[in-house]
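Summary of structural features
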Amino acid sequence: DVKVTQSSRYLVKRTGEKVFLECVQDMDHENMFWYRQDPGLGLRLIYFSYDVKMKEKGDIPEGYSVSREKKERFSLILESASTNQTSMYLCASSLSGQERETQYFGPGTRLLVL
Amino acid sequence: GQNIDQPTEMTATEGAIVQINCTYQTSGFNGLFWYQQHAGEAPTFLSYNVLDGLEEKGRFSSFLSRSKGYSYLLLKELQMKDSASYLCAVRDTGGSYIPTFGRGTSLIVHP
C-alpha cells in the first residue's frame, strides 16, 4: 500500500514564525501536492511538484513556498505564519503515466497560528 | 478551470440508498474522481469515471454523463460507517491535469 506520512498531526505556531510541514511518500511517485482544507471551501491546491527540484504554483500559493530536494519528500514552508493560515494541510502523491493518477493523501496536519 | 457543485449536506437512514450528485463545467473533460473522507482523516479514493455510464464497486457505484456535466455517487445498504464527506474532483485537459475538488458533501447516516 502507498503510504504518505506527514511530520505532525497538530501544530501550534505564533504569528510571524517560520513553519515547515514535511511530507514523505514511500512509493516512488513522481507527483506530490500540498492542499489546504477549510470548512465550506473544500480542498484548495497550494503547490505541486512533478519531479525533484521542480515546483509549480497551485490556486493559492501566496504566503507559501515549497521544496523538493528528494523524490520522496515535499516540504511546505510558511515564511511568516499568519492567523489566516490556520487550516488543515494535506499532502498527496500520485504516479505519473497512469490514466487515473489517483492521489494518495497523508493524514493531514492541523495548524493553528496564534 | 472547473465549476464544481455538490450539495453541502445530506442525511439518510441506515440500510437505505443515497445518491450524491456532482455537476461540473469544464472546457475539456478528462476524468472525474470520488473520494471519501471521514472526519479528521485523509481522503481515500473511491471511484474514477472517464466514459459515460455506471461503474459499480460493491455497495458503491458512480455514474457519469459527460454531455450533461453530471455525475453521481450511489451508496447502497447504508451503514453507520458511511457517515463521511464525499468529495467530487474533476480533471480537465488543459494545463496541469490536476483534479479540482468540489467543496464536498457531508453525509450523515442515522439509525
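Presented here is an overview of the structure given in this document. The structure presented is a predicted model; accordingly, all values stated were derived computationally and were not measured.

Calculation rules
Residues numbered from 1 in each chain as written. Chains lettered and ligands numbered in written order. Predicted model: local features only at pLDDT ≥ 70, side-chain atom pairs only at ≥ 80, totals over all residues. Heavy atoms only, no water. Helix = DSSP H or I, 4+ residues; strand = E, 2+ residues; numbered from the N terminus. Buried < 20%, exposed > 50% of the residue type's maximum accessible area, 1.4 Å probe, protein only. Contact = heavy atoms within 4.5 Å. Buried area = accessible area lost by both parts, 1.4 Å probe. Salt bridge = Lys/Arg side-chain N within 4 Å of Asp/Glu carboxyl O. Polar contact = N/O pair within 3.5 Å; in protein donor to acceptor, adjacent residues only side chain to side chain. Phe/Tyr/Trp six-rings, centres within 6.5 Å; stacked < 30°, edge-to-face > 60°. Core = buried A, V, L, I, M, F, W, Y, C linked by side-chain atoms within 4.5 Å. 1 Å grid on protein atoms, 1.4 Å probe; cavity = no way out; pocket = protein on both sides within 12 Å on 5 of 7 lines; lining within 4 Å. Points joined across faces, edges and corners; volume = space filled by probe spheres on them. Nonpolar A, V, L, I, M, F, W, Y, C, P; charged D, E, K, R; others polar. Pairing = 2+ DSSP bridges. Axes fitted to C-alpha atoms, helices over the stretch in contact; angles between N-to-C directions. Patch = residues over 30% accessible without salt bridge, like charges linked within 9 Å, V, L, I, M, F, W, Y side chains within 5 Å. Areas by Shrake-Rupley, 256 points an atom, 1.4 Å probe, with all protein chains shown as cover.

**Looking at the environment of A:V113**
All names here are of chain A. Mapped onto the elements, V113 comes out in strand β11 (residues 109-113). Look at V113 and you get buried, because its relative accessible area is 4%. Along the primary structure V113 and E69 are separated by 44 residues, whereas in three dimensions their C-alpha atoms are 27 Å apart. Non-local contacts of V113, meaning those with residues more than four positions away in its chain, are made with K13, R14, T15, A81, S82, T83, Q85 and T86.

**What to know about the interface of chain A and chain B**
Interfaces are frequently sized by the accessible area removed from exposure as the parts join. Of the residues lining the interface, 20 residues belong to chain A; the matching set on chain B comes to 17 residues. Here chain A and chain B share an interface that buries about 1600 Å² over both sides, 55% of which is from carbon and sulfur atoms. The tally of links between chain A and chain B comes to zero salt bridges. Summed over the shared surface of chain A and chain B, the number is four residue pairs in polar contact (both at pLDDT 80 or more).

**Notes on the packing of aromatic side chains**
Taken as a whole, this structure holds 17 aromatic pairs over all chains when the rule is applied. Ring centres of B:Y35 and B:F101 lie 5.7 Å apart, and the angle between their planes is 50°; on these two criteria the pair is classed as tilted. Of the two residues, B:Y35 is situated in strand β4 (residues 29-37) and B:F101 in strand β10 (residues 100-101); the sequence distance between them amounts to 66 residues. Residue B:F101 is classed as buried on the basis of its relative accessible area, which comes to 8%. Taken together, the aromatic side chains of A:F33, A:Y35, A:F48, A:Y50, A:F105, B:F33, B:Y35, B:F45, B:Y48 and B:F101 make up a single cluster linked through ring pairs.

**Let's talk about the nonpolar core**
Judged by nonpolar contacts, the single largest core of 21 residues is most densely connected at B:L32, B:W34, B:L75, B:Y86 and B:L107. Counting residues in each nonpolar core, the second largest holds 20 residues, with A:V4, A:Y47, A:Y64 and A:L76 among its members.

**Focus on the side chain of A:S94**
You can see A:S94 is positioned in strand β9 (residues 87-94). Beyond its immediate sequence surroundings of up to four residues, A:S94 is in contact with A:H29, A:E30, A:N31, A:F33, A:E101, A:T102 and A:Q103.

**A word on empty space enclosed by the protein**
The probe, sized like a water molecule, is rolled over the atoms to show the empty space still left. Tallying each qualifying case throughout the model produces one cavity of 30 Å³ or more. Here the largest cavity defines a volume of roughly 50 Å³. Surrounding the largest cavity, ten residues form its lining, A:F33, A:S94, A:E101, B:Y97 and B:I98 being those nearest its centre. Of the residues belonging to the lining of the largest cavity, the class tally is five nonpolar, four polar and one charged.

**Describing the pairing of strand β3 (residues 18-25) of chain B**
Side chains on a regular strand alternate between the two faces of the sheet. Residue and element names in this part refer to chain B. Burial along β3 is one-sided: the residues V18, I20, C22 and Y24 are buried and none of Q19, N21, T23 and Q25 is. Pairing analysis gives three bridges linking strand β1 (residues 3-5) to β3, with the strands arranged antiparallel. Within the sheet, the bridge partner assigned to N3 lies in β3 and is Q25.

**Things to note about the sheet that holds strand β1 (residues 4-6) of chain A**
All names here are of chain A. Across the sheet, four strands lie side by side as β1-β3-β8-β7; this open sheet has antiparallel pairing. A strand with exactly one partner marks an edge of an open sheet, and here the two such strands are β1 and β7 (65-70). Between one strand axis and the next, the sheet turns through 20° on average, direction left out of account. Pairing of strand β3 (residues 19-25) with strand β8 (residues 73-78), which is carried by six bridges, proceeds in the antiparallel orientation. Residue pairing for β8: E22 is matched across the bridge by S75.

**Some thoughts on a nonpolar patch on the surface**
All names here are of chain A. Together, V12, L112 and L114 line one region of the surface with nonpolar side chains, adding up to about 260 Å² of accessible area. Relative to the elements of secondary structure, L114 occurs in the segment after β11. On the basis of relative accessibility, which here comes to 46%, the residue L114 falls in the partly exposed class.

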